[in-house]
Amino acid sequence: MNPIGHTDYVSGLVYRGQYYDAGKDSAAKCSFCGQVLRFVFVLKDMAGKPMPIGTCCFDRFDDGPIRAELYASQVLLKAAVGRAERDAKEQATLCDVSIRAAQWRAARKKAKKLIKWYQENTKSKWLTRPLFDLRQEADRKPEPGKKPQFSLRWYAKHGIALETGISQAMGHMSLAGQAPPDSFRLP
Ligand SMILES: [Zn+2]
């Protein structure tokens, strides 16, 4: 006797808690009714041959241990799939965060370079209004330990603010006859 698993003495099938997610493009089919299955529960017949079935056919079993075990497995499987999907989403967000953070850092570097160039070339202690605003924006830093979704929005918003600030400051500098060299042009 196998201590793990339940046998249905009417059908001769055994269930040992084997189940899996066959994925959204699954080709697995229910051995009883032929329905295509995303969530597969594998029973075995007396010869040990696997018999994949789906939730579609749980109720073919009497109200006994096999049916209870199948429904319990379904709960576990759905929870596991939900967790995996959330993890995948989290990973995708983290990847986007690193791209946005890199764009923000590049814009910030450019902003600081532009301010420095202005100060060195005008020998002025004072910044023009657009450059002053740009410096304030460039001094901002994200708060550490925020959720990825929050960081993503932060980097996107402030990266755009920096790029906008740079173009405005450069426009202002051109009008004042203090245009910086071409190397400051944004792509
Ligand atoms: Zn079925």
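The structure displayed is predicted, hence computed values, not measured ones.

**Q** Would you explain the overall build of the protein in this entry?
**A** Looking only at helices and strands, the protein features three helices and four strands. Start at the N end of the protein and walk to the C end: the helices and strands fall as β-β-β-β-α-α-α. Taken over C-alpha atoms, the radius of gyration comes to 31 Å for the protein, far larger than the 16 Å a tight globule of 187 residues would show. Taken over 187 residues, the protein has a buried fraction of 16%. Considering only residue pairs separated by 6 or more positions, the protein has 54% of its internal contacts joining residues 24 or more positions apart.

**Q** Please explain the sheet that holds strand β1 (residues 6-8) as it appears in this structure.
**A** Through backbone hydrogen bonds, the strands of a sheet pair up, either in parallel or in antiparallel fashion. Ordered by their spatial adjacency, four strands build an open sheet running β1-β2-β3-β4, and the pairing between neighbours is antiparallel. At either end of the open sheet lies a strand with only one pairing partner, and these are β1 and β4 (50-53). Mean inter-strand twist for the sheet, computed between neighbouring axes without regard to direction, equals 40°. Strand direction decides the pairing type here: strand β3 (residues 39-44) and β4, joined by four bridges, are antiparallel. Bridging from a neighbouring strand, Leu43 pairs with Met51 of β4.

**Q** What should I look at first to understand the packing of helix α1 (residues 65-122) against helix α3 (residues 148-175) in this one?
**A** The description of two packed helices rests on the angle between their axes and on the distance between the axes. At a closest axis distance of 8 Å, the pairing of α1 and α3 adopts a crossing angle of 25°. Between α1 and α3, the crossing angle belongs to the class labelled roughly parallel. For α1 against α3, the interelement crossing comes out left-handed.

**Q** Honestly, α3 in this entry has me stumped. Any pointers?
**A** Each α-helix turn comprises 3.6 residues. Residues three or four places apart therefore point the same way. End to end, α3 covers 40 Å across 28 residues, agreeing with the expected 40 Å (1.5 Å per residue, within 8%). Of all the positions in α3, only Ser151, Tyr155, His158, Leu162, Gly165, Ile166, Ala169, Met170 and Met173 are classed as buried. Where the residues of α3 are buried, they touch α1 and α2 (129-138). Positioned one or two residues after α3, Gly177 has a phi angle of 70°, which is positive.

**Q** Got a minute to help me understand unusual backbone geometry in this structure?
**A** Glycine aside, residues mostly have negative phi, and peptide bonds are mostly found in the trans state. Residues other than glycine seldom take positive phi values, yet Lys123 does so here, at roughly 55°. Mapped onto the fold, Lys123 is located in the loop between α1 and α2. Accessibility expressed as a C-beta count within 10 Å gives 6 for Lys123, which makes it exposed.

**Q** Just checking my understanding: could you explain the nonpolar core for this structure?
**A** Judged by nonpolar contacts, the single largest core of 15 residues is most densely connected at Ala107, Ala111, Leu114, Leu134, Leu162, Ile166 and Ala169. Breaking this core down by element, the ones donating at least two residues are α1, α2 and α3. Setting aside its immediate chain neighbours within four residues, Ala107 contacts Gly159, Leu162, Glu163 and Ile166. Ranked by size, the runner-up nonpolar core spans 10 residues in total, among them Tyr19, Ile53, Phe61 and Ile66.

**Q** Please clarify how α1 should be interpreted in this entry.
**A** Between its terminal C-alpha atoms α1 stretches 85 Å, which fits the 86 Å expected from 58 residues at 1.5 Å a residue. Inspection of α1 places Ile66, Leu70, Val97, Trp104, Ala107, Ala111, Leu114 and Tyr118 among the buried residues, and these make up the whole buried set. For α1, the elements touching its buried residues are β1, β2 (13-21), β3, α2 and α3.

Calculation notes
- Residues numbered from 1 in each chain as written.
- Predicted model: local features only at pLDDT ≥ 70, side-chain atom pairs only at ≥ 80, totals over all residues.
- Helix = DSSP H or I, 4+ residues; strand = E, 2+ residues; numbered from the N terminus.
- Rg over C-alpha atoms; globule rule 2.2 N^0.38 Å.
- Buried ≥ 20, exposed ≤ 12 C-beta atoms within 10 Å, placed from the backbone.
- Contact = placed C-beta atoms within 7 Å.
- Pairing = 2+ DSSP bridges.
- Axes fitted to C-alpha atoms, helices over the stretch in contact; angles between N-to-C directions.
- Parallel < 35°, antiparallel > 145°, perpendicular 65-115°, else oblique.
- Left-handed = near helix turned anticlockwise from the far one by under 90°.
- Expected span 1.5 Å × (residues − 1).
- Core = buried A, V, L, I, M, F, W, Y, C linked by C-beta atoms within 7 Å.

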